[in-house]
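Working through the structure, step by step
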Amino acid sequence: MAKNEQVIELPTGFRQLHTQVAGHTFEATNLAAIGLLQDAKAGCVLKPLGKPECGVRELHFYESVAAAAASATADNDRKGGGGDDRDKWLIELSQYVPRYHKKVELVVNQRKHTFVKLDDLTHGMLLPCIMDIKIGKRTWDPMSSPHKRALEEQKYVECKQNLGLCLPGFQVYLPSSETTESPKKHPELKRYGKDYGKSLNVAGFKQTMALFFNASTSNSKTIDNGVDIVLHEVLRQLENIHGWFRRQTLLHFYASSLLISYDFAQLQHAGSKSLHNGYFRKEERTDISSDMEPSEWIRVRMIDFAHVYPASPVELDHNYLFGLENLINVIQSILNR
């Protein structure tokens, strides 16, 4: 431990989320800075709420979505009746966000902090590949000061203005490059942060997406098959989210992200099986431990809701749609490689 570093004190049963790829993180030299916690036993993560106004907004968002989903479960025998339009949109949206459990207050580094407890989107993955992609050409919200707007406009300029996409961070497992001189038995883990993302132009972003999906590193048909399964499933889930945004005029999302995750261990295993329309033939499917559908080890969810506002004017969220549609096009081009 470096001379000026301090020991990070966590409550019993929790640990730092070491697979966190973006956002505020723990800093050993600044105990006021905290990141995501993990309750591995419960399969959950705890996200610290940010500044008061942002934290209240994000908590309200999760509580509203959870309440709408709970009401739908309680009234699942009704046939199109009950509930207002807002609830119906939120019920559908609940499929595309991490499941919210509750608000939690914990003492970290001798200070009380408020967290939202959410499903861990990589729970059960042996080798999780994770990417955080911020969506939208405009990342400042309607309440932002001129100074805040100017700061946001200076970040990720080329990718954000041309694609409506920013890449704050990701991690990916890549096939080992075995040689007789330096044999490697395990995949290599690569992690990239916001500085890398800020350096990307449009071509670099597309190349990075191919890298993340192992589409630029595969050197065998087995890996290629697994990559195709991942790409098909990611596109399917993105299209579902896109369908929601093409119809809803309830909310506008600023500085919100999509978290894409998949298990590289499953990719390798899945790729060894025959493909039929992009997926395994069911009679040939096996799994490392049990049969799993692609949606069980490939997950796309919307995250980060500190800057969600009622749509004003009441219209489609064109800012989010611009980025989302470009992301779909980029991934489709990788699939068509």
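For the structure, check the block above.
Let us look at the structure shown here. (Residues numbered from 1 in each chain as written. Predicted model: local features only at pLDDT ≥ 70, side-chain atom pairs only at ≥ 80, totals over all residues. Heavy atoms only, no water.)

1. A closer look at the overall build of the protein
Regarding its fold elements, the protein presents 10 helices and 14 strands. Residue pairs in contact within the protein that sit at least 24 positions apart in sequence constitute 74% of those at least 6 positions apart. Here the protein displays about 16,800 Å² of accessible surface, and carbon together with sulfur accounts for 50% of that area. (Helix = DSSP H or I, 4+ residues; strand = E, 2+ residues; numbered from the N terminus. Contact = heavy atoms within 4.5 Å. Areas by Shrake-Rupley, 256 points an atom, 1.4 Å probe, with all protein chains shown as cover.)

2. Points about the sheet that holds strand E10 (residues 256–263)
With antiparallel pairing, the 5 strands of this open sheet are ordered in space as E8-E7-E6-E10-E13. With partners counted over all chains shown, the strands left at the sheet margins are strand E8 (188–192) and strand E13 (298–303), one partner each. Taken pair by pair, the neighbouring strands of this sheet meet at an average axis angle of 15 degrees, ignoring direction. Relative to E10, helix H8 (residues 264–271) is tilted by about 50 degrees, and along the sheet it contacts strand E6 (128–135), strand E7 (165–174) and E10. (Pairing = 2+ DSSP bridges. Axes fitted to C-alpha atoms, helices over the stretch in contact; angles between N-to-C directions.)

3. Observations concerning the side chain of Lys47
Following the sequence through the fold, Lys47 ends up in strand E3 (residues 44–48). Within the local environment of Lys47, its side chain forms a polar contact with the side chain of Glu58, the two groups lying 2.9 Å apart. What Lys47 contacts, discounting residues up to four positions off in sequence, is Leu36, Glu58, Thr114, Phe115, Val116 and Asp304. (Polar contact = N/O pair within 3.5 Å; in protein donor to acceptor, adjacent residues only side chain to side chain.)

4. Regarding the pairing of E13
Burial runs high along E13: 5 of the 6 residues are buried. Inspection of the sheet shows E10 paired to E13 by 6 bridges, in the antiparallel sense. For Tyr262, the partnering residue across the bridge sits in E13 and is Ile298. (Buried < 20%, exposed > 50% of the residue type's maximum accessible area, 1.4 Å probe, protein only.)

5. A look at the sheet that holds E3
Pairing is antiparallel across the open sheet formed by 5 strands, whose spatial order is E1-E2-E3-E5-E4. Looking at strand neighbours, the two that pair on one side only are strand E1 (15–16) and strand E4 (100–108), the edges of this open sheet. With 3 bridges joining them, strand E2 (residues 37–39) and E3 adopt antiparallel strand pairing. What sits directly across from Gln38, in E3, is Val45.

6. Considerations on the pattern of salt bridges
For side chains of opposite charge, pairing can occur when their charged atoms come near one another. Enumeration according to the criterion identifies 11 salt bridges in this entry. The shortest N-O distance in the salt bridge between Arg247 and Glu92 comes to 2.5 Å. One end of the pair, Arg247, is in the loop between helix H7 (221–245) and strand E9 (251–253); the other, Glu92, is in helix H2 (residues 85–93), and 155 residues separate them in sequence. The exposure class of Glu92 is buried, given its relative accessible area of 19%. Note that Glu152 is salt-bridged to Lys155, the shortest N-O span being 3.1 Å. Counted as one network, the salt bridges with shared partners bring together Lys47, Glu58 and Asp304. (Salt bridge = Lys/Arg side-chain N within 4 Å of Asp/Glu carboxyl O.)

7. Re unusual backbone geometry
Backbone torsion omega between Ser312 and Pro313 reads 5 degrees, so that peptide bond is classified as cis. Structurally, Pro313 is set in the loop between strand E14 (308–310) and helix H10 (318–335). Phi at Gln110 is positive, roughly 65 degrees, even though this residue is not glycine. Mapped onto the elements of the fold, Gln110 is located in the loop between E4 and strand E5 (111–119).

8. Examining the nonpolar core
Ranked by internal contacts, the top residues of the largest apolar core, which has 76 residues, are Phe61, Met209, Phe213, Phe253, Leu258 and Met302. When residues of this core are assigned to their parent elements, the largest contribution, 11 residues, is made by H7. Summarising the domain contributions, this core has at least three residues from each of domain 1 (14–119) and domain 2 (128–178 + 186–272 + 292–336). The contact partners of Met302, leaving out residues within four places of it in the chain, are Leu93, Tyr96, Val97, Pro98, Ile241, Phe245, Phe253, Ser257, Leu258 and Tyr320. The next biggest cluster of nonpolar side chains, apart from the first, holds 8 residues, and it includes Phe26, Ile34, Leu46 and Phe115. (Core = buried A, V, L, I, M, F, W, Y, C linked by side-chain atoms within 4.5 Å. Domains from an automatic or database assignment.)

9. Quick word on the packing of aromatic side chains
Tallied over the full model, the rule gives 20 aromatic pairs. Residues Phe170 and Tyr192 carry aromatic rings whose centres are separated by 4.7 Å and whose planes lie at 10 degrees to one another, so their mutual orientation is stacked. Here Phe170, found in strand E7, pairs with Tyr192, found in strand E8; they are 22 residues apart in sequence, far enough to count as distant. When its relative accessible area of 1% is taken as the criterion, Phe170 is described as buried. Classification of Tyr192 as partly exposed rests on a relative accessible area of 23%. Ring plane angle 65 degrees and centroid distance 5.4 Å describe the contact between Phe245 and Phe253, whose orientation is recorded as edge-to-face. No difference in accessibility class separates Phe245 from Phe253, as the two residues are buried. Site record: aromatic cluster; members linked through ring pairs are Phe61, Tyr62, Trp89, Tyr100, Trp244, Phe245, Phe253, Phe305 and Tyr320. The ring centre of Phe322 lies 4.6 Å from the NZ or CZ of Lys137, which sits over that ring. (Phe/Tyr/Trp six-rings, centres within 6.5 Å; stacked < 30°, edge-to-face > 60°. Lys NZ or Arg CZ within 6 Å of the ring centre and 35° of its normal.)

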